[in-house]
Amino acid sequence: LSVISARQLLPQLRALQQNTIGFLLETTRQHGDLVLFDLGTQRAVLVNDANLVKQILQDRHPHYDKNTIQYNMLATVTGRGLLTADGEDWFKHRRMQQPAFVRPRLETSLVPHIVPAAQRMLDRWQTAAQRGELLDVDREMMDVALEVVGQALFSLDLSRDARRLTSAVLVCLDHIIHLARNPHLSLLPDWLPQPGGQKFKRALKELNLSVEEIIHQRRAAGGPPPDDLVTMLLNARDPESGEGLSDAQIRDELITILIAGHETVASALTWTWLLLAQNPDAFQRLRAEVQSVLPDRDPTAEDLQRLPYTAAIFDEALRLYPPAWLITRRVVEADSYYDVRVDPGTLVILSPYALQRHPRYWPDPHAFRPERFLPDATKTYPRYAYIPFGGGPRLCIGNHFAKMEAAIIIAMVARRFRLERADSTEVFPESLVTLRPRGGLPMRPIPLSEE
Ligand code: HEM
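Reading the values: rules and limits
- Starting from 1, residues in each chain are numbered consecutively following that chain's sequence as written.
- Local features in a predicted model are, by the rule used here, given only for residues with pLDDT of at least 70; side-chain atom pairs are given and counted only at 80 or more, and totals for whole chains, interfaces and linings are based on all residues.
- Side-chain measures were taken over the full set of non-hydrogen atoms in the model, leaving aside hydrogen atoms and water.
- Strands are runs of DSSP state E lasting at least 2 residues, helices are runs of H or I lasting at least 4, and numbering of each runs from the N terminus.
- Radius of gyration means the value over C-alpha atoms here, while the globule rule gives 2.2 Å times the residue count to the 0.38 power.
- Exposure categories follow from relative accessible area, calculated using a 1.4 Å probe and restricted to protein chains: below 20% of the type maximum is buried, above 50% is exposed, and the middle band is partly exposed.
- By salt bridge we mean one thing: a side-chain nitrogen of Lys or Arg within 4 Å of a carboxyl oxygen of Asp or Glu.
- Think of it this way: DSSP has to see at least two bridges between two strands before they count as a pair.
- Whether two residues are in contact is decided by their heavy atoms: any pair within 4.5 Å suffices.
- Between N-to-C directions, angles span 0 to 180 degrees; the directions come from axes that are lines fitted to C-alpha atoms, helices contributing only their stretch in contact.
- The term polar contact refers here to a pair of N or O atoms within 3.5 Å; inside protein, the definition further demands a hydrogen-donor-capable atom paired with an acceptor-capable atom, and it admits residues adjacent in sequence only when both atoms are side-chain atoms.
- Proximity criterion: a residue is near a molecule or strand once any of its heavy atoms comes within 4 Å of it.
- Definition used in this section: a nonpolar core is a set of buried Ala, Val, Leu, Ile, Met, Phe, Trp, Tyr and Cys residues joined via side-chain atoms within 4.5 Å.
- Because no water is among the atoms considered, metal sites can look incomplete, with donors defined as N, O and S atoms within 2.8 Å of the metal, or 3.2 Å for Na, K and Ca.

Draft legend 1. Broad picture of the overall build of the protein chain. When helices and strands are counted, the protein chain shows 18 helices and 13 strands. Taking 2.2 N^0.38 as the reference for a compact globule, 451 residues should give roughly 22 Å; the C-alpha atoms of the protein chain span a radius of gyration of 22 Å, in line with that estimate. Along the first, second and third principal axes, the C-alpha atoms of the protein chain reach 60 × 55 × 45 Å. Looking at the protein chain residue by residue over its 451 residues, the buried ones come to 53%.

This is how it looks when you write it as structure tokens:
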């Protein structure tokens, strides 16, 4: 165990703020797998050891909750939806929503929505290519991922033409980041004017109104409701009390899914395109696989089994650039990490970014090598050294959703285009709610028929 005091941390505050993931990586490199920040009234422990990660997320998860700055800030937008709730409430809501996310159901409810959404995006790219225009790939991935979540889970059109709700979501996400950068702001009383505060309040109101409208329209609608997550939440009953969810609870769950389910997937896909542009051999191998499985048609759910390299590319992108780069917990019941006692109230910090680049678990940790994740590869790493979706009972409910969506989008893009960097500047990963390339990612779409 290494201990870092407030005085030692002070000179590094700028580095911490400006390059948080770089700071986490460097701290674990210099100080080892267990680092205690002793900040007087607050103690935080950074854990970068797969056995301990398993202990925290899986074996002793009841010792921990999500009452941390990270999740409390998210909750200002999502309320106590699945991502931020704890205890009995979390358990009941997870049980209600789980059936919407199991693989066989996703094969019929998700795949048919992804293909046309990706198709529309590629048609736009074709026009951009003809005009010699650049794409902001980060923005393109955000749009397509939001459209997929809207269609597949809410039966709603959230494409570019339906911007009201989406721009409200984006303003709210910006505000969460603003709070994260200036944590003292969340301590100020509500009535005190804050920079950006009015814009955020208006956006949150807009978001709430839009989601309430969805709920009311559904309640009022005649005829058979669409078979989606909204209907599932409206009809859900507690098995013991028989009670349903209130509109406010449904609102929290829907906003949670909207936020947890789109920026994460988009971020991972954006990094995938950067990595493929930097690794032309991997792109060629991807293209060979896609062409042999899908010579002249779009992918179906059954094809997903036949695209192992495509899936491995996404797994490896999630390793190098995990969208959820930070996972936090608060200790509620004392625990011990090897021989170190960890007291209640301690903030526990897990960094998928640092863990997934740990040289003990990953040979050549910073290199892009999708082969690591092929089904017949020799596994070098323990399960809990790879946690892009977390682990244990609070494992991401959308992990199959995300992987299916990504594999189909990657395969569909690779059938038609190669994406080339627009310039050769270094791309800096900014740790916002997810990891995003600073300033976006401009790329040039090259139609493959022309190569
Ligand atoms: C939870 C990552 C996609 C919905 C989580 C957690 C991680 C994560 C790390 C656990 C957080 C913790 O333990 O503190 C990701 C990544 C994604 C992704 C990297 C894409 C590549 C999705 C999608 C959805 C979704 C597509 C929904 C459509 C959720 C929800 C939770 C969650 C509701 C909370 C689950 C619970 O606590 O029971 N996600 N996620 N995520 N994710 Fe995802």
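Past the structure itself, the notes keep going.
Draft legend 2. Spatial organisation of the pattern of salt bridges. Considering all chains together, one arrives at 32 salt bridges under this definition. One salt bridge connects Arg 251 with Asp 252, and the closest N-O pair in it is separated by 2.3 Å. The two residues Arg 251 and Asp 252 agree in class, both being buried. As a salt-bridge pair, Glu 263 and Arg 436 come within 3.1 Å of each other at their nearest N and O atoms. Of this pair, Glu 263 sits in helix H14 (residues 263-278) while Arg 436 sits in strand S12 (residues 435-437), and the two are 173 residues apart along the sequence.

Draft legend 3. Region of the structure containing the sheet that holds strand S13 (residues 442-447). Strands sit in the order S5-S13-S10 across an open sheet of three strands; the sheet is antiparallel. Pairing within the sheet leaves two strands with one partner each, and these edge strands are strand S5 (135-136) and strand S10 (417-421). The strands touched by H14 within the sheet are S10 and S13, with S10 carrying the most contacts at an inclination of about 85°.

Draft legend 4. Examining the side chain of Arg 319 more closely. With respect to the helices, strands and loops of the structure, Arg 319 is situated in helix H16 (residues 308-320). In this structure the side chain of Arg 319 is engaged in a polar contact, spanning 2.8 Å, whose partner is the side chain of Glu 316. Reaching out from Arg 319, the side chain makes a polar contact with the backbone oxygen of Ala 367 at a distance of 2.9 Å. The residues contacting Arg 319, other than those within four sequence positions of it, are Gln 356, Arg 357, Trp 362, Pro 365, Ala 367, Arg 372, Phe 373 and Tyr 386.

Draft legend 5. Spatial organisation of the pairing of strand S2 (residues 34-39). The sheet contact formed by strand S1 (residues 2-5) and S2 spans four bridges and is parallel. Each residue of the ladder has a partner; that of Ile 4, found in S2, is Phe 37. By the bridge criterion, six bridges tie S2 to strand S3 (residues 42-47) in an arrangement that is antiparallel. Across the sheet, the residue bridging to Val 35 is Leu 46, located in S3.

Draft legend 6. The arrangement of the site of the ligand in detail. As a structural note, the neighbourhood of the ligand is formed by 27 residues, with Tyr 71, Trp 90, Arg 94, Arg 329 and Cys 396 the closest of them. A distance of 2.7 Å is found between an oxygen atom of the ligand and a side-chain nitrogen or oxygen belonging to Trp 90. In the model, an oxygen atom of the ligand is placed 2.7 Å from a nitrogen or oxygen of the Arg 94 side chain. At the level of elements, helix H6 (87-97), helix H13 (247-260), H14, strand S6 (327-331) and helix H18 (399-416) are the ones that each hand at least two residues to the shell around the ligand.

Draft legend 7. The arrangement of the nonpolar core in detail. Ranked by internal contacts, the top residues of the largest apolar core, which has 151 residues, are Val 47, Leu 207, Trp 273 and Tyr 337. In terms of residue count, the dominant contributor to this core is H18 (twelve residues). Apart from the residues lying within four places of it in its own chain, the contact partners of Val 47 are Asp 33, Leu 34, Leu 52, Val 53, Ile 56, Tyr 337, Val 348, Ile 349, Leu 350 and Ser 351.

Draft legend 8. Representation of the coordination of the iron atom of the ligand within the structure. Exactly one protein atom donates to the iron atom of the ligand; that atom is Cys 396 (SG), 2.3 Å from the metal. By the element assignment, Cys 396 lies in the loop between helix H17 (352-355) and H18.

Draft legend 9. Representation of the sheet that holds S3 in the model. Strand order across the open sheet formed by six strands is S1-S2-S3-S9-S6-S4, with mixed pairing between neighbours. Bordering the open sheet on either side are S1 and strand S4 (64-65), each of which pairs with just one other strand. Pairing of S6 with strand S9 (residues 347-350) involves four bridges; the strand directions are antiparallel. Note on S9: the bridge partner recorded for Arg 329 is Val 348. Running at roughly 110° to S2, helix H3 (residues 20-31) makes contact with S1, S2 and S3 of the sheet. The strands touched by helix H4 (residues 50-59) within the sheet are S2, S3, S4, S6 and S9, with S9 carrying the most contacts at an inclination of about 125°.

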